[in-house]
Amino acid sequence: MTKTGFIFDLDGVIVDTAKYHYLAWRNLAEELGFEFTEEQNELFKGVSRKRCLEILLEIGNVKATQEQFDLWMIEKNEDYLKYIEKMDASEILPDVAKVLDYLKERNIPIALGSASKNAKPILEKVKLLSYFDCIVDGNNVTKAKPDPEVFLIAAEKLGVDPNNCVVFEDAVAGVEAANAANMVSIGIGDSAILSEAKHNFIDFTEMSLEFLSGLIKN
Ligand code: BG6
Ligand code: MG
């Protein structure tokens, strides 16, 4: 029997933390004297904290010593942690729990594949940690999305062939990573932005259980 595994991105797929990342980066940009728009924030989705700061400084044309760079990374994260401090289950995106329940009831392996180093505490806060058979996050990878490393490690930990993995992603870099891993990529969000995904849905409320069941090989 061929086993199917499901891999979920976190930010923008399970919870809408992209808005908190945006606010924290915008605060830093403001402090450095330039504007950071929501449109520019699209470039930050799925991208590691370090790479985000590099892009932010390019946008603001700001030069930094290594020491200053490291301090701004800490400052941004401390600010972000204040935003997520009060998160609870009410911030789980619509029908995510329904999809997780459907998979769990059928004993389908589930992994998290996120670039964030804050993934575990967020899953704890929204009370979803127990759904995941393994967590692969920013603490476990050396190569950031669009490199497929995060998803390949997740597949290995689940004991599922990468070809039999399905990935839910809201970021262009994440869809590219899933495709590069030869997995079935499902874009959650704007299909014009996530046009490289194999399937597209605005959110999980649009995805029928029949569609989900059709992804499971047995
Ligand atoms: C990704 C987000 O999931 O995690 C990015 O989409 C973020 O915007 C990245 O930069 C790293 O997150 P963190 O929590 O480690 O700063
Ligand atoms: Mg994301």
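Residues numbered from 1 in each chain as written. Chains lettered and ligands numbered in written order. Predicted model: local features only at pLDDT ≥ 70, side-chain atom pairs only at ≥ 80, totals over all residues. Heavy atoms only, no water.

Regarding the coordination of the magnesium ion (ligand 2)
Phase 1: Distances from the magnesium ion (ligand 2) to its protein donors, namely Asp 9 (OD), Asp 11 (O) and Asp 170 (OD), fall within the range 2.0 to 2.1 Å.
Phase 2: When the donor residues of the magnesium ion (ligand 2) are listed from N- to C-terminus, their spacing reads D-x1-D-x158-D. You can see Asp 11 sitting in the loop between strand E1 (5–8) and helix H1 (18–31) and its partner Asp 170 sitting in the loop between strand E4 (165–169) and helix H8 (172–180), a full 159 residues away along the chain. Residues Asp 11 and Asp 170 agree in their burial class; the two are buried. (Donors = N, O, S within 2.8 Å, 3.2 Å for Na, K, Ca; no water. Helix = DSSP H or I, 4+ residues; strand = E, 2+ residues; numbered from the N terminus. Buried < 20%, exposed > 50% of the residue type's maximum accessible area, 1.4 Å probe, protein only.)

A closer look at the sheet that holds strand E6 (residues 199–201)
The strands making up a sheet associate through hydrogen bonds between their backbones, and the pairing can be parallel or antiparallel.
Phase 1: A sheet is described by the order of its strands in space; here 6 strands give the open sequence E3-E2-E1-E4-E5-E6, paired in parallel fashion. Sheet topology places strand E3 (134–136) and E6 at the edges, where each strand pairs with a single neighbour. Adjacent strand axes in the sheet meet at a mean angle of 20°, parallel and antiparallel pairs treated alike.
Phase 2: Judged from the 4 bridges that link them, E1 and E4 form a sheet pairing that is parallel. When the sheet's bridge partners are listed, Phe 6 is paired in E4 with Val 166.
Phase 3: Set on the sheet, helix H5 (residues 96–105) makes contact with E1 and strand E2 (110–113); between it and E1 the angle comes to about 155°. (Pairing = 2+ DSSP bridges. Axes fitted to C-alpha atoms, helices over the stretch in contact; angles between N-to-C directions. Contact = heavy atoms within 4.5 Å.)

Examining the domain arrangement of the protein
Phase 1: With domains assigned, the protein is organised as domain 1 (5–16 + 89–217) and domain 2 (18–84).
Phase 2: Spacing between the C-alpha centres of domain 1 and domain 2 amounts to 24 Å.
Phase 3: Summed over both partners, the interface of domain 1 with domain 2 buries about 1,100 Å², with 50% contributed by carbon and sulfur atoms.
Phase 4: Across the domain 1-domain 2 interface, the total number found is 0 salt bridges.
Phase 5: Across the domain 1-domain 2 interface, the total number found is 4 residue pairs in polar contact (both at pLDDT 80 or more). (Domains from an automatic or database assignment. Buried area = accessible area lost by both parts, 1.4 Å probe. Salt bridge = Lys/Arg side-chain N within 4 Å of Asp/Glu carboxyl O. Polar contact = N/O pair within 3.5 Å; in protein donor to acceptor, adjacent residues only side chain to side chain.)

Some words on the site of ligand 1
Phase 1: Taken together, 14 residues sit near ligand 1, with Asp 11, Val 47, Ser 116, Lys 117 and Asn 118 positioned nearest.
Phase 2: Contact distances for ligand 1 include 2.7 Å between an oxygen atom and a side-chain N or O atom of Asn 118.
Phase 3: Here ligand 1 loses 96% of its free accessible area of 390 Å² to cover by the protein chains.
Phase 4: In a pocket analysis with a 2 Å cut-off to the grid points, ligand 1 is assigned to the largest pocket. (Near = heavy atom within 4 Å. Areas by Shrake-Rupley, 256 points an atom, 1.4 Å probe, with all protein chains shown as cover. 1 Å grid on protein atoms, 1.4 Å probe; cavity = no way out; pocket = protein on both sides within 12 Å on 5 of 7 lines; lining within 4 Å. Sits in = over half its atoms within 2 Å of the grid points.)

Looking at unusual backbone geometry
Phase 1: For the bond running from Lys 145 to Pro 146, omega is 15°, close enough to zero to count as cis.
Phase 2: Tracing the backbone shows Pro 146 in the loop between E3 and helix H7 (149–158).
Phase 3: Phi at Lys 127 takes a positive value of approximately 60°, unusual for a residue other than glycine.
Phase 4: Following the sequence through the fold, Lys 127 ends up in the loop between helix H6 (119–125) and E3.
Phase 5: Accessibility expressed as a relative area gives 65% for Lys 127, which makes it exposed.

Topic: the pattern of salt bridges
Phase 1: All told, the structure shown has 9 salt bridges when counted by the stated rule.
Phase 2: In this structure, the salt-bridge partner of Asp 95 is Lys 98, at a minimum N-O distance of 3.5 Å.
Phase 3: The exposure class assigned to Asp 95 is partly exposed, which follows from its relative accessible area of 27%.
Phase 4: Where Arg 106 meets Glu 105, a salt bridge forms, and the shortest distance between an N and an O atom there is 3.7 Å.
Phase 5: The exposure class assigned to Glu 105 is exposed, which follows from its relative accessible area of 60%.

Details of the side chain of Asp 79
Phase 1: In this fold, Asp 79 is placed in helix H4 (residues 66–84).
Phase 2: For the buried Asp 79, which has no salt bridge, the nearest side chain bearing the opposite charge is Lys 82, at an N-O separation of 4.7 Å.
Phase 3: In this view, Asp 79 contacts Ala 24 and Asn 27; residues no more than four positions away in its chain are not counted. (Lys, Arg positive; Asp, Glu negative; His and termini not counted.)

So, the environment of Asp 170
Phase 1: Asp 170 gets classed as buried once you look at its relative accessible area, which sits at 10%.
Phase 2: Expressed as a C-alpha distance, the spacing of Asp 170 and Ile 193, which sit 23 residues apart in the sequence, is 9.2 Å.
Phase 3: Once residues within four sequence positions are removed from consideration, Asp 170 is found in contact with Asp 9, Asp 11, Gly 12, Val 13, Lys 45, Ile 188 and Leu 194.

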